[in-house]
Amino acid sequence: MSLTRRQQWHIEKIQAERIARANKASSNTENLPETTEAQIGLVITRYGQRLLIENSSGNLIQCTARRNIDPCVAGDQVIFQAVDNDSGVVTALLRRDNALERSHKLIAANIDELWLVVAIEPHYQFDLIDRYLIVAQNANLAINIIVNKIELSDNINQVKKDFAMYEDISYPVHYLSVKTQIGIDTLKTQLNDKAHIFLGQSGVGKSSLINQLIPKLNLRVNEISNKSKLGKHTTTATTLYHIPTGGDLIDSPGVREFQLDTLNAKEILEGFKEFKPFISQCKFRNCAHINEPNCAVKNALETGNIHPKRYESYLALIA
Ligand SMILES: Nc1nc2c(ncn2[C@@H]2O[C@H](COP(=O)(O)OP(=O)(O)OP(=O)(O)O)[C@@H](O)[C@H]2O)c(=O)[nH]1
Ligand SMILES: [Mg+2]
Ligand SMILES: [Zn+2]
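Quantities reported herein were computed from a predicted structural model and do not represent experimental measurements.

Explain helix α2 (residues 126-138) to me, please; I cannot follow it from the model alone.
The periodicity of an α-helix, 3.6 residues per turn, causes residues three or four positions apart to be oriented the same way. With 13 residues, α2 should cover 18 Å at 1.5 Å per step; its first-to-last C-alpha distance of 18 Å lies within 8% of that length. Taking burial as the measure, the 13 residues of α2 include 11 buried ones, the bulk of the element. Of all the positions in α2, only Phe126, Leu128, Ile129, Asp130, Arg131, Tyr132, Leu133, Ile134, Val135, Ala136 and Gln137 are classed as buried.

Written out as structure tokens, the structure is:
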């Protein structure tokens, strides 16, 4: 039986506390103030070199990190030592369950579910959706798609048709509107008791959604540009919030460079999860599924088992 993330976390917490006690015992702490005791903490956010850490009593402590430890991100479990009531030093990073990263840059860690948020404005683009899906698939996360601002669409049937190809490959798609409250109550029930991250282009309404789920947060949101219909990069740091009814929610900034990121062939293929059953049946083991003979992926395309838009997107990315 595999442990849930929470059970695993509990075990690691106990281990970390043991380590901390052992460290304390071995470092002749008699003369040190009580506050130097090592504690376990959760990374809430990082800005520059600073980390905001939450201790086990829910207090927030500003920390710097020892230089020899790997970069920590929202969702990480760490060991830290308080210097005084509200500052401290992170001395160790605990083992991660998973980490979300793009172009070798960490975004967040220890996530159960990823919610890719897209919108009617700025209008969703399939190539960008597929890029986000590649990043999420490579982190091996459960993925949901939210189509927000649906009240702005004058052809909801077309929107649903567009996203049917994602539903066909088992990504649940949720149609929402923060403005007219469509789907918000259902979303609330789906977010309990796990660690979730909202990812997506600037201006699609990630922070607006989080404000719905945790009303007293009052996160800053910003109108999208009237002219370009693009977001204004309002959220600047990936930050973890606790949902009052249980579970955590990470808000992340829409990253402009997502559109230009270079992805390697292996990562790209991983992102097209519906190709997987066919790949092993290609004639050539190193088949790139472009124009090789007896390519099972291309056969699947011809028999309608792979959606032409997704294959097109694969070709554009692999080029
Ligand atoms: N019409 C409409 N506007 C919405 C809806 N949800 C959010 N918005 C608006 O969209 C704009 C952008 O929302 P944000 O929540 O700041 O977007 P974000 O995804 O957090 O953007 P970044 O932080 O820049 O990544 C704001 O003006 C919101 O009020 C909706 O359902 N319908
Ligand atoms: Mg935001
Ligand atoms: Zn092939």
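Additional details are given in the paragraphs that follow.
Explain the nonpolar core here, please?
Proteins that are soluble and globular tend to have nonpolar side chains buried together. Counting residues in hydrophobic clusters, the biggest one holds 39 residues, and the most contacted among them are Leu100, Leu114, Ile129, Val147, Phe163 and Tyr166. Counting only elements with at least two residues in this core, the list comes to β1 (38-47), β7 (105-109), β8 (113-119), α2, β9 (142-148), α3 (156-168), β10 (173-175) and β11 (195-199). When residues in this core are grouped by element, the largest group, seven residues, is from α2. When residues of this core are assigned to domains, at least three map to each of domain 1 (5-93) and domain 2 (99-259). Contacts of Leu114, omitting those with residues within four sequence positions, involve Leu100, Ala136, Leu141, Ala142, Ile143, Asn144, Ile197 and Leu199. Ranked by size, the runner-up nonpolar core spans 19 residues in total, among them Val117, Val178, Phe198 and Leu209.

Help me out: how do you make sense of the coordination of the magnesium ion (ligand 2) in this one?
Octahedral metal centres with six donors ideally show angles of 90 or 180 degrees, and tetrahedral centres with four donors ideally show 109.5 degrees. Coordination of the magnesium ion (ligand 2) by the protein comes from Ser207 (OG) and Thr235 (OG1), over a distance range of 1.9 to 2.2 Å. One end of the pair, Ser207, is in helix α5 (residues 206-213); the other, Thr235, is in the loop between α5 and β12 (239-242), and 28 residues separate them in sequence.

Help me out: how do you make sense of the pairing of β8 in this one?
If a strand is regular, its side chains alternate between the two faces of the sheet. Burial runs high along β8: seven of the seven residues are buried. Taken together, the seven bridges between β8 and β9 define a ladder with parallel strand orientation. If you follow Glu113 over to β9, its bridge partner there is Ala142.

Please explain the pattern of salt bridges as it appears in this structure.
Close approach of charged atoms lets side chains of opposite charge pair. Enumeration over the complete set of coordinates arrives at seven salt bridges. In this structure, Asp97 and Arg95 form a salt bridge, with 4.0 Å as the shortest nitrogen-oxygen distance. Measuring nitrogen to oxygen at the nearest pair gives 3.1 Å for the salt bridge that ties Glu113 to Lys194. One end of the pair, Glu113, is in strand β8; the other, Lys194, is in the loop between α4 (184-190) and β11, and 81 residues separate them in sequence. In this structure Glu113 comes out as buried when scored by relative accessible area, which is 13%.

Help me understand the coordination of the zinc ion (ligand 3), please; the structure alone is not making it clear to me.
In this structure, Cys282 (SG), Cys287 (SG), His289 (ND1) and Cys295 (SG) serve as the protein donors to the zinc ion (ligand 3), at separations of 2.1 to 2.4 Å. Because the angles between the four donor atoms bound to the zinc ion (ligand 3) fall within 100 to 116 degrees, the donor set is best described as tetrahedral.

Honestly, the site of ligand 1 in this entry has me stumped. Any pointers?
Around ligand 1 lies a shell of 23 residues, among which Glu151, Val178, Ser202, Ser208 and Thr235 are the nearest. Take Asn148: an N or O atom from its side chain is 3.2 Å from a nitrogen atom of ligand 1. His233 places a main-chain nitrogen or oxygen 3.3 Å from an oxygen atom of ligand 1. The fraction of the free accessible surface of ligand 1 (660 Å²) that becomes covered by protein chains is 88%. Looking at which element gives the most residues to the shell around ligand 1, the answer is α5, with three residues. When its residues are assigned to classes, the shell around ligand 1 shows five nonpolar, 13 polar and five charged.

Explanation requested: the environment of Gln212 in the structure shown.
Within the element layout of this structure, Gln212 appears in helix α5. Of the residues examined, Gln212 reaches a relative accessible area of 21% and is grouped as partly exposed. Setting aside its immediate chain neighbours within four residues, Gln212 contacts Val178, Gln181, Ile184 and Lys188. A distance of 2.8 Å separates polar atoms of two side chains, one belonging to Gln212 and the other to Gln181.

Reading the values: rules and limits
Residues numbered from 1 in each chain as written. Chains lettered and ligands numbered in written order. Predicted model: local features only at pLDDT ≥ 70, side-chain atom pairs only at ≥ 80, totals over all residues. Heavy atoms only, no water. Helix = DSSP H or I, 4+ residues; strand = E, 2+ residues; numbered from the N terminus. Expected span 1.5 Å × (residues − 1). Buried < 20%, exposed > 50% of the residue type's maximum accessible area, 1.4 Å probe, protein only. Core = buried A, V, L, I, M, F, W, Y, C linked by side-chain atoms within 4.5 Å. Domains from an automatic or database assignment. Contact = heavy atoms within 4.5 Å. Donors = N, O, S within 2.8 Å, 3.2 Å for Na, K, Ca; no water. Pairing = 2+ DSSP bridges. Salt bridge = Lys/Arg side-chain N within 4 Å of Asp/Glu carboxyl O. Tetrahedral: all angles 85-135°; square planar, octahedral: opposite > 155°, others 65-115°. Near = heavy atom within 4 Å. Polar contact = N/O pair within 3.5 Å; in protein donor to acceptor, adjacent residues only side chain to side chain. Areas by Shrake-Rupley, 256 points an atom, 1.4 Å probe, with all protein chains shown as cover. Nonpolar A, V, L, I, M, F, W, Y, C, P; charged D, E, K, R; others polar.

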